[in-house]
Amino acid sequence: MTGTYKRDDLTIDQHLALATAARRLGEEFTGLFGTETIERFLHTSYDQFAGKAAVANFLPLLAERFARQRLYALARVEGRSDGRPIVLFLCVHNAGRSQMALGFFEHLAGEHAVAWSGGSEFASEVNPAAIAVMAEVGIDISKGFPKPWTEEIVRAADVVVTMGCGDACPIFPGKRYEDWKLDDPMGKDPEWVRPIRDEIEHRVRTLLADLGVPVPGSAPDLAPDFAPPPAPGLRH
């Protein structure tokens, strides 16, 4: 890596962390993108989080994670696809609704599909009430982080699900959009957020079925030698 990124407010540790992140990304995307592209994505990602992160020491890690997602998206846009469908969940703060949808999607789809999330005015942390109600159903979203969206991320998605971001949501011709009308859980207690969580789970399951993605507990996941007994009067 060239190490050309300069910011007066970076500590020595942050500079070293960014250099390490750049090396890791370079190894992961070798043969796909050159040093200049990887560093540009990493450093612009850092700048997007610089005024938002609650703990400055986490900035290089957030930048690396977001840059990795953006580079994967760019590869997809350029025709390098692994065949898995990609869904992008968008809301205003990327702290509640879209984070819960992302949690359900990743939990249910596993490695069969990819999901991302973003916000038009992304917050500094995930909504604690959303974390709490998701933990009640065995899904940990506490390690998630609010983030913006970028053009390559939107273009790479097969389905863009919007949740209240209105005119701020990016619109690209020919892209499949779904608008989920859900109450905003910001500032609400868990009791108020639970019905939103349950509605999101229902919608995510419906979306996965529509995409043909197998979901644990659904009929396609039954063992191949299993067959329910025929109803009375029916013959096979």
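Residues numbered from 1 in each chain as written. Predicted model: local features only at pLDDT ≥ 70, side-chain atom pairs only at ≥ 80, totals over all residues. Heavy atoms only, no water.

Enquirer: What should I look at first to understand the overall build of the chain in this one?
Expert: When its secondary structure is counted, the chain shows seven helices and four strands. From first element to last, N terminus to C terminus, the chain shows the α and β order α-α-α-β-α-β-α-α-β-β-α. Going through the 236 residues of the chain one by one, you find that 44% of them count as buried. The contacts of the chain with a sequence gap of at least 6 include a subset with a gap of at least 24, amounting to 69%. (Helix = DSSP H or I, 4+ residues; strand = E, 2+ residues; numbered from the N terminus. Buried < 20%, exposed > 50% of the residue type's maximum accessible area, 1.4 Å probe, protein only. Contact = heavy atoms within 4.5 Å.)

Enquirer: How do you make sense of the sheet that holds strand 1 (residues 86–91) when you look at a structure like this?
Expert: In spatial order, the strands read 2-1-3-4; together these four strands make up an open sheet with parallel pairing. Among the strands making up the open sheet, the edge pair consists of strand 2 (114–119) and strand 4 (176–179). Taking the axes of each pair of neighbouring strands and ignoring which way they run, one obtains an average angle of 20° across the sheet. Taken together, the five bridges between strand 1 and strand 3 (residues 159–163) define a ladder with parallel strand orientation. Each bridged residue has a counterpart across the sheet, and for Cys-91 the counterpart in strand 3 is Met-163. Along the sheet, helix 3 (residues 59–77) makes contact with strand 1 and strand 2, crossing strand 2 at roughly 115°. Running over the sheet, helix 4 (residues 97–109) touches strand 1, strand 2 and strand 3 and is turned about 175° from strand 2. (Pairing = 2+ DSSP bridges. Axes fitted to C-alpha atoms, helices over the stretch in contact; angles between N-to-C directions.)

Enquirer: Just checking my understanding: could you explain the environment of Ala-168 for this structure?
Expert: Structurally, the position occupied by Ala-168 is in the loop between strand 3 and strand 4. With relative accessibility at 44%, the residue Ala-168 sits in the partly exposed group. A C-alpha to C-alpha distance of 10.0 Å links Ala-168 and Leu-90, two positions 78 residues apart in sequence. In this structure Ala-168 touches Ser-120 and Trp-149, once residues within four positions along its chain are discounted.

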